[in-house]
Amino acid sequence: MPGLDQDRYQIAAQEDRSGYRNRTSVPASLRASGGRAFQTVVRDLSVSGFSATAISFIHPSTRCWLTLPGLDSQAARVVWWDDGVVGCAFEDLLDPDLFEGVLERWQNRGGMPAGR
């Protein structure tokens, strides 16, 4: 059924957006549609979205791509920008195993992966 998967995503994303976001510090790159990629730091992460540093304004609803170390780019949409921080919702929920792997590697590491 067309739209059914998208409807399920919207419901899950809203529940996840109101749930706990994991504070972290992950170096990454972010590229807004039509722009160049820039280095950023992911400040919090959930299966449905993230916030990251972005000195320049990025207009809400802009499509962007987040690339975390060692992973493929993840498509997202800008939801808000405030004083150098951007909040985005992933177009597809992150795979729970991928999400847990990122947290395990980076959470409370001050931007350094485990084992370094």
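Here we summarise the structure given alongside this text. (Residues numbered from 1 in each chain as written. Predicted model: local features only at pLDDT ≥ 70, side-chain atom pairs only at ≥ 80, totals over all residues. Heavy atoms only, no water.)

**Some words on a negative patch on the surface**
The grouping of Asp-95, Asp-97, Glu-100 and Glu-104 at the surface amounts to a negative patch. Mapped onto the secondary structure, Asp-95 falls in the loop between β6 (85–90) and α2 (96–106). Here Asp-95 falls in the partly exposed class, since its relative accessible area comes to 42%. (Patch = residues over 30% accessible without salt bridge, like charges linked within 9 Å, V, L, I, M, F, W, Y side chains within 5 Å. Areas by Shrake-Rupley, 256 points an atom, 1.4 Å probe, with all protein chains shown as cover. Salt bridge = Lys/Arg side-chain N within 4 Å of Asp/Glu carboxyl O. Lys, Arg positive; Asp, Glu negative; His and termini not counted. Charge placed at Lys NZ, Arg CZ, Asp CG, Glu CD. Helix = DSSP H or I, 4+ residues; strand = E, 2+ residues; numbered from the N terminus. Buried < 20%, exposed > 50% of the residue type's maximum accessible area, 1.4 Å probe, protein only.)

**Examining the pattern of salt bridges**
Scanning the model with the defined rule gives 2 salt bridges in all. As a salt-bridge pair, Arg-63 and Glu-91 come within 2.7 Å of each other at their nearest N and O atoms. With Arg-63 in strand β4 (residues 63–67) and Glu-91 in the loop between β6 and α2, this pair connects stretches of sequence that are 28 residues apart. Arg-63 sits in the partly exposed class, given a relative accessible area of 31%. Accessibility expressed as a relative area gives 22% for Glu-91, which makes it partly exposed. The salt bridge partner of Glu-91 is Arg-77, with a shortest N-O separation of 3.5 Å. Of this pair, Glu-91 sits in the loop between β6 and α2 while Arg-77 is found in strand β5 (residues 74–82), placing the two residues 14 residues apart along the sequence. Residue Arg-77 is classed as partly exposed on the basis of its relative accessible area, which comes to 39%. Where salt bridges share partners, they join Arg-63, Arg-77 and Glu-91 into one cluster.

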